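Single-letter residue listing:
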Amino acid sequence: MGNATSSMASRFAFFPPDPPSYNLKSDDGGKLRISSEVCDQREDDEVEVMKVVTKRGNSIVCMYVKNKRATLTLLYSHGNAADIGHMYPIFTQLSLHLRLNLMGYDYSGYGQSSGKASEQDTYADIEAAYRCLKEKFGVKEEDIILYGQSVGSGPTLELATRLPRLRAVILHSPIMSGLRVMYPVKKSFWFDIYKNIDKIPLVNCPILVIHGTEDEVVDVSHGKTLWELSNVKYEPLWIKGGKHCNLELYPEYLRHLRQFISAIEKLPLPSLEENAADHRTTPPDDEKAKSSMVQLGEKPRCSTGKRDKSRLSTDSKEKSRTSTRSTDRSGKPRNSTDHIDKARNSFDRLGEMVRSVGLCASVDCIKPTIVSEV
């Protein structure tokens, strides 16, 4: 039943870039390099590219960015309609400015990874990337922070439920579930995908949620609901005016991440375990919930909405040299009309499933909250 569910959901959930934004090439020493119009990989030891085989038999591309000053490692699951060619500038800049090692990877069927994307394949993909971190780079579970953007929040929370000593989780424009992005359903159905709303109460480490208040793809209510259901809450960041693909442009994005990383680094590991045992789900305006943050953050706030001209960097000495995910070299939005059309077709397919389980006599009576991809 699980495979059937994932297969059905995959028909409307995944939009890998076509064609991929990058190719792989080998240098004179036989090392893999990313070749892309967006960026050229630095010819040094800071970035390492490799292929990893998942338990489902797919070969996925992983990218490891090393920071010599890092004590923690970020395992980043990117959003839909992107691959690590698009994400390369973001990955290198985050590693630099947050002083973290960073592992990014492409899902099966994305970029130069083999196979075809499905819910279960993405779970196998993140597990393979995590295993690579432990076996190849010697990273310990307690030194890893999982970062899930949009649809990447699905594999992120799935892995987080299975790692009791995980350091922290960051959810960037997350989804409650695939179906809930398109319909205001109140329960989980068998054909739904990435049921994050059911999994997040099982995660017992600090969780940071970042979401734009004007997100046109995944409504900010998704982020707020997941934050409310978190056991160990960190001060969330609701970026005023922020949309789905531009949160990195706001100065408070990087500033808040820095504060979070600093707090996590200073928090002793035993305290993480004790806090996980003591915390319970509490509404965000409850005084008990505020006090339960254990100096990890302050009361929730919205940002001022000002954008950072230097994009990722808020340090005047360190300016971002690369473009953001929201545009390509020509300045055109990466979310093309082709993807919007795909999403509309996906909505039609999903409507058939909704009718089949009696959610609504006519799918036309339920209005989707988006017209673009997750």
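So, how was this worked out
Residues numbered from 1 in each chain as written. Predicted model: local features only at pLDDT ≥ 70, side-chain atom pairs only at ≥ 80, totals over all residues. Heavy atoms only, no water. Buried < 20%, exposed > 50% of the residue type's maximum accessible area, 1.4 Å probe, protein only. Helix = DSSP H or I, 4+ residues; strand = E, 2+ residues; numbered from the N terminus. Pairing = 2+ DSSP bridges. Right-handed = clockwise from strand over helix to strand, strands pointing away. Core = buried A, V, L, I, M, F, W, Y, C linked by side-chain atoms within 4.5 Å. Contact = heavy atoms within 4.5 Å. Phe/Tyr/Trp six-rings, centres within 6.5 Å; stacked < 30°, edge-to-face > 60°.

### A look at the pairing of strand E9 (residues 206-212)
Turning to step 1, where the next piece is worked out: Of all the seven residues making up E9, seven are buried; the element is thus mostly covered by neighbouring parts of the structure.
Turning to step 2, where the next piece is worked out: Neither face of E9 is exposed, since Pro206, Leu208, Ile210 and Gly212 on one face and Ile207, Val209 and His211 on the opposite face are all buried.
Turning to step 3, where the next piece is worked out: Sheet topology places strand E8 (residues 168-172) next to E9; four bridges connect them, and they run parallel. Of the residues in E9, the one forming a bridge with Val169 is Ile207.
Turning to step 4, where the next piece is worked out: Bridging between E9 and strand E10 (residues 232-233) involves two bridges; their strand directions are parallel. Counterpart to Pro206 in the pairing with E10 is Val232.
Turning to step 5, where the next piece is worked out: In this fold, the crossover linking E9 to E10 by way of helix H7 (residues 220-229) has right-handed handedness.

### Considerations on the nonpolar core
Turning to step 1, where the next piece is worked out: Counting 54 residues, the largest nonpolar core has Leu75 and Val169 as the members making the most contacts within it.
Turning to step 2, where the next piece is worked out: No other element matches helix H3 (residues 119-137), which puts seven residues into this core.
Turning to step 3, where the next piece is worked out: The contacts of Val169, once residues within four sequence positions are left out, are Ile145, Leu146, Thr156, Leu157, Ala160, Val203, Cys205, Pro206, Ile207, Leu208 and Phe260.
Turning to step 4, where the next piece is worked out: Membership of the second largest hydrophobic core comes to 38 residues, among which are Tyr22, Ala168, Tyr250 and Ile264.

### Details of the packing of aromatic side chains
Turning to step 1, where the next piece is worked out: Evaluation of the coordinates by the stated rule reveals ten aromatic pairs.
Turning to step 2, where the next piece is worked out: Here Tyr123 and Tyr194 contribute two aromatic rings whose centre-to-centre distance is 5.9 Å and whose plane-to-plane angle is 65 degrees, an arrangement assigned as edge-to-face. Taken together, the residues Tyr123 in helix H3 and Tyr194 in the loop between helix H5 (178-182) and helix H6 (196-199) connect sequence positions 71 residues apart. Accessibility classification places Tyr123 together with Tyr194 in one group, the buried group.

### Some points on unusual backbone geometry
Turning to step 1, where the next piece is worked out: The linkage connecting Asp18 with the following residue, Pro19, adopts the cis geometry, with an omega of 5 degrees.
Turning to step 2, where the next piece is worked out: As for its placement among the helices and strands, Pro19 is situated in the loop between helix H1 (2-13) and strand E1 (22-26).
Turning to step 3, where the next piece is worked out: Phi is positive for Ser173, close to 50 degrees, though the residue is something other than glycine.
Turning to step 4, where the next piece is worked out: Positionally, Ser173 belongs in the loop between E8 and H5.

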